[in-house]
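Fold and geometry: a report
For reference, the chains in residue letters:
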Amino acid sequence: MTEDHEKIGEMLASLHIKENPYQHLPVYDYKNLQKGLNCAKCASFFFKITHLKCQCLDCGYQELVEKAIIRNVKQFRRLFPNEKLTTNRIAEWCQINPKQWIQRTLKKNFIRKPAVDLLRIKPYKKSRQSR
Ligand SMILES: [Zn+2]
């Protein structure tokens, strides 16, 4: 991931947000956002997804499904830093079926919180009571 890629990701994340004509505050919530994978090139949501690859039907850009999922998960994280990353949530966010694709991608590319927590716990050692 280069800095440029990050910037594109941020730009795309902002494209998920549709302006609410009744509200002038830049407030967004999950329900009102456009769901689905979007194109890394043109940000279109018009995607054809096959087994391993997905193709933008607007500009023809092809991407590995896994890469597209990771990109969209990162956008999700940026938009909702406090939301849990669950398979169901991401499947809905990316509009991808089967969910196994999401599961596999998340497992491979993102560390699960409990695993991180486990690492933090240092193995318990019996200390000699010297006092
Ligand atoms: Zn496109």
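Residues numbered from 1 in each chain as written. Predicted model: local features only at pLDDT ≥ 70, side-chain atom pairs only at ≥ 80, totals over all residues.

1. Points about the environment of Arg89
Stated precisely, the cut-off is as follows: Each helix is a run of DSSP H or I of at least 4 residues and each strand a run of E of at least 2, with the numbering of both proceeding from the N terminus. With C-beta atoms placed from the backbone, a residue counts as buried when 20 or more other C-beta atoms lie within 10 Å of its own, as exposed when 12 or fewer do, and as partly exposed for counts between those limits. Any residue pair is listed as a contact if its two C-beta atoms, each placed from the backbone, are within 7 Å.
The topology assignment puts Arg89 in helix H3 (residues 87-94). Judged by the 16 C-beta atoms lying within 10 Å of it, Arg89 falls in the partly exposed class. With residues near it in sequence (within four places) discarded, Arg89 still touches Glu83 and Lys84.

2. What to know about the nonpolar core
For clarity, the threshold we go by: Throughout this description, the term nonpolar core refers to a group of buried Ala, Val, Leu, Ile, Met, Phe, Trp, Tyr and Cys residues whose C-beta atoms join them within 7 Å.
In this structure, Ile69, Ile90, Cys94 and Ile102 are the most contacted members of the largest nonpolar core, which totals 16 residues. Elements with a minimum of two residues in this core: strand S2 (53-56), helix H2 (65-79), H3 and helix H4 (99-109). Here this core gets 5 residues from one element, more than from any other, and that element is H2. Discounting residues that sit within four places of it in the chain, Cys94 has contacts with Gly36, Leu37, Ile69, Asn72 and Ile102.

3. Description of the packing of H3 against H4
Heads up, the rule is: A fitted line through C-alpha atoms serves as each axis, taken over the contacting stretch for helices, and the angle formed by two N-to-C directions is quoted from 0 to 180°. In a left-handed crossing the near helix is turned counterclockwise from the far helix by less than a right angle, and in a right-handed crossing that turn is clockwise.
Relative orientation of the contacting elements H3 and H4 amounts to 115°, with a least axis distance of 9 Å. In the crossing of H3 with H4, the sense of the turn from one axis to the other is right-handed. For the pair H3 and H4, the contacting residues are Thr87, Ile90, Ala91 and Cys94 in the first and Lys99, Ile102, Gln103 and Leu106 in the second.

4. Some words on the pairing of S2
Definition in use: DSSP calls a pair of strands paired once it identifies at least 2 bridges connecting them.
The alternating pattern of S2 places Cys54 and Cys56 on a buried face, while none of Lys53 and Gln55, on the opposite face, is buried. Where strand S1 (residues 47-49) lies against S2, 3 bridges are found, and the strand directions are antiparallel. Counterpart to Lys48 in the pairing with S2 is Gln55. Counting the residues in the hairpin turn of S1 and S2 gives 3 residues. As paired strands, S2 and strand S3 (residues 62-64) are joined by 3 bridges and run antiparallel to one another. Paired with Cys54 across the strands is Glu63, a residue of S3. Here S2 folds back onto S3, and the loop between the two strands holds 5 residues, one of which, Gly60, carries a positive phi near 85°.

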